[in-house]
Amino acid sequence: MPRFSRVLFPSLLVMLSLVSPALAASGGSLIKGSGPAVYYLGADGKRYVFPNSRIYSSWYADFSGVVTVSDSALASHTIGGAVTYKPGARMVKLATDPKVYAVDAHGTLRPVATEQVAATLYGADWAKKIDDLSDAYFTSYSVGASISSASAFSPAAVLAAATDIGTDRGIVAAGAQVGAAPDLTKLALGDGKHATSAQRGYIYSCQTSFNGSGAFADGPWISGSTWDATKKSTVDGHVSWPNAAVSIAVSGANRMITSNALPKTHATGTYPIASSDDAYSYDRNPNSIKAQSLSVTLPANPTVAASPTCVGGEVGISVTGVPIFDGFDAGGRDAVAHEVQDSCDGHPQESGEYHYHGPSSCVAQGDGELFGYAYDGFGIYSNLENGKYLTNADLDECHGTTSAVLWDGKMTVMYHYVLTREFPYTVGCFKGKSYWTGPSAAGQTGGPGGQMGPPPGGAGMGFPPPMF
């Protein structure tokens, strides 16, 4: 590849003259002692070095947020490492390496293949947006997949997603179990967590009122504001569906999916829920599972939109052919917690459409395994990534992240949604352009997941028609 122009900058610590007086500092603060060096104080109690002024400026516009602490207080915080460039802000290169790298999420350096790609991504003055990175700090980064075309990376999108240094670096409080499996005995309920804009841990819902029904009584697994997934009842039965059918095919720029909404790879419980089933004491779902006629055409290589958009009941399709609904029941409560599903975490609504509201114990349990496709075309993956269980703290406001995943047979660094055991479970908002054409859940008698109303796409139609 061509040797890009070099841009030199001073390799020195951030200097400043006017900062806040001595105050107590907490995780996420900028701190300094009597000297000129400024540090980022992580939630783990450690301080992180800014290797140069440009890295600092990629995150902060000025020094107004810097807190001065005593030198003894500063010394009590050990050095945790170096702050990396804010994703999407600049490109970098090493003096000993001719490659030019874009900075992606979590300190991932992605080689930019050509000057043309660099110009498309960063503008005609792209050469002025390259900083030299000292070899000494190269180990603070990891190297990801090459950016061979402008569609493979969006500087604006990753820049907007990088809300703070701690989240981007994955800095957690001292004593926290990094990458540990979630505590299934004390999960926070998602009741009422709907928002009118994108917000982490919430669903940016097109529906603003919820008047439908669902489970009529809380099970003993629900206690106050939490619930215990290990004690939750499941619907009895083991019903196979030999006529289940799903097709997922890529043709040119399109991904075409057809399904009859019956699970291709697993059995279901027996519906309607029998009065002899213990689940009947809490949820009397009267609906039978019925085959549907579903089809959707999505972009094969989706792109991040300028801003997130709301979701309206159904959010995607799983690799099993089963529709994926959002995390609410018809009453705006946490559907995964309140409604009783079968052992594969699915159940039918009024038209007989079997669906999931969250992770299924029968699908995508492996590391980095694809669960399905959201209606904007992005993949939905298992929450185990390189041996680490991802949580809401690792994800953005739409319940996604940017990292390397297996996409159409190739490891690709791209945006994707992540399944978690925390609400909202799958998709909190659409990060890309939505190809959902059905009505929002508003105005339905049963709403999303409702047992007494039509599916979000209308009776007998759980997918939007082709859009390409």
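Our subject is the structure that appears above.
Predicted model only: the values in this text are computed from it and were never measured.

So, the overall build of the protein
Part 1 of the reasoning: Helix and strand counts for the protein come out as six helices and 31 strands.
Part 2 of the reasoning: Across the 468 residues of the protein, 51% fall into the buried class.
Part 3 of the reasoning: Partitioning the intrachain contacts of the protein with sequence separation of at least 6 by distance along the chain shows that 72% fall at a separation of at least 24.
Part 4 of the reasoning: Summed over its atoms, the accessible surface of the protein is roughly 18,700 Å², and 54% of this surface lies on carbon and sulfur atoms.

Some thoughts on the side chain of R110
Part 1 of the reasoning: Its place among the elements puts R110 in strand β9 (residues 108-111).
Part 2 of the reasoning: Of the residues examined, R110 reaches a relative accessible area of 2% and is grouped as buried.
Part 3 of the reasoning: A polar contact of 3.4 Å, which involves the side chain of R110, links it to the backbone oxygen of V413.
Part 4 of the reasoning: For R110, the residues in contact, after removing those within four places along its chain, are V100, Y101, A102, D104, G144, A145, S146, I147, A152, F153 and V413.

A word on the packing of aromatic side chains
Aromatic ring pairs are described here by two measures, namely the spacing of the ring centres and the angle between the planes.
Part 1 of the reasoning: Applying the stated rule across the entire model yields 15 aromatic pairs.
Part 2 of the reasoning: Ring plane angle 75 degrees and centroid distance 6.3 Å describe the contact between F50 and Y60, whose orientation is recorded as edge-to-face. With F50 in the loop between β4 (47-49) and α1 (53-59) and Y60 in the loop between α1 and β5 (66-68), this residue pair connects regions lying 10 residues apart in the sequence.
Part 3 of the reasoning: With a centroid separation of 5.7 Å and 45 degrees between ring planes, the pair formed by Y356 and F371 is classed as tilted. Of this pair, Y356 sits in strand β24 (residues 354-356) while F371 sits in strand β25 (residues 370-374), and the two are 15 residues apart along the sequence.
Part 4 of the reasoning: A residue is classified by how much of its surface remains accessible, and Y356, at 0% relative accessible area, is buried.

Looking at the pattern of salt bridges
Part 1 of the reasoning: Applying the stated criterion across every chain, the model contains 10 salt bridges.
Part 2 of the reasoning: The salt bridge partner of R54 is D131, with a shortest N-O separation of 3.2 Å. Residue R54 is located in helix α1, and its partner D131 is located in strand β10 (residues 130-133); the two are separated by 77 residues in the primary sequence.
Part 3 of the reasoning: Accessibility expressed as a relative area gives 30% for R54, which makes it partly exposed.
Part 4 of the reasoning: With relative accessibility at 0%, the residue D131 sits in the buried group.

Notes on the sheet that holds β10
Part 1 of the reasoning: Within the open sheet, the five strands sit side by side as β10-β7-β8-β9-β11. Their pairing is mixed. With partners counted over all chains shown, the strands left at the sheet margins are β10 and β11 (142-143), one partner each.
Part 2 of the reasoning: Here β9 pairs with β11 via two bridges, running parallel. When the bridges of β11 are listed, T108 appears paired with S142.

Some remarks on the environment of K86
Part 1 of the reasoning: Mapped onto the secondary structure, K86 falls in the loop between β6 (79-82) and β7 (91-94).
Part 2 of the reasoning: Classification of K86 by relative accessible area gives buried; the value is 15%.
Part 3 of the reasoning: Between the alpha carbons of K86 and S57 there is a distance of 9.0 Å; along the sequence they are 29 residues apart.
Part 4 of the reasoning: Setting aside residues up to four positions removed in sequence, K86 forms contacts with S58, W59, V103, L159 and A162.

Quick word on the pairing of strand β29 (residues 400-407)
For a regular strand, side chains alternate in direction, first toward one face of the sheet and then toward the other.
Part 1 of the reasoning: A large share of β29 lies buried, amounting to six of its eight residues.
Part 2 of the reasoning: One ladder, built from eight bridges, connects β29 with strand β30 (residues 410-418); its direction is antiparallel. Paired with G400 across the two strands is Y417, which belongs to β30.
Part 3 of the reasoning: If you look at the hairpin formed by β29 and β30, you'll find two residues sitting between the two strands, and D408 has a positive phi there, around 55 degrees.

Calculation criteria
Residues numbered from 1 in each chain as written. Predicted model: local features only at pLDDT ≥ 70, side-chain atom pairs only at ≥ 80, totals over all residues. Heavy atoms only, no water. Helix = DSSP H or I, 4+ residues; strand = E, 2+ residues; numbered from the N terminus. Buried < 20%, exposed > 50% of the residue type's maximum accessible area, 1.4 Å probe, protein only. Contact = heavy atoms within 4.5 Å. Areas by Shrake-Rupley, 256 points an atom, 1.4 Å probe, with all protein chains shown as cover. Polar contact = N/O pair within 3.5 Å; in protein donor to acceptor, adjacent residues only side chain to side chain. Phe/Tyr/Trp six-rings, centres within 6.5 Å; stacked < 30°, edge-to-face > 60°. Salt bridge = Lys/Arg side-chain N within 4 Å of Asp/Glu carboxyl O. Pairing = 2+ DSSP bridges.

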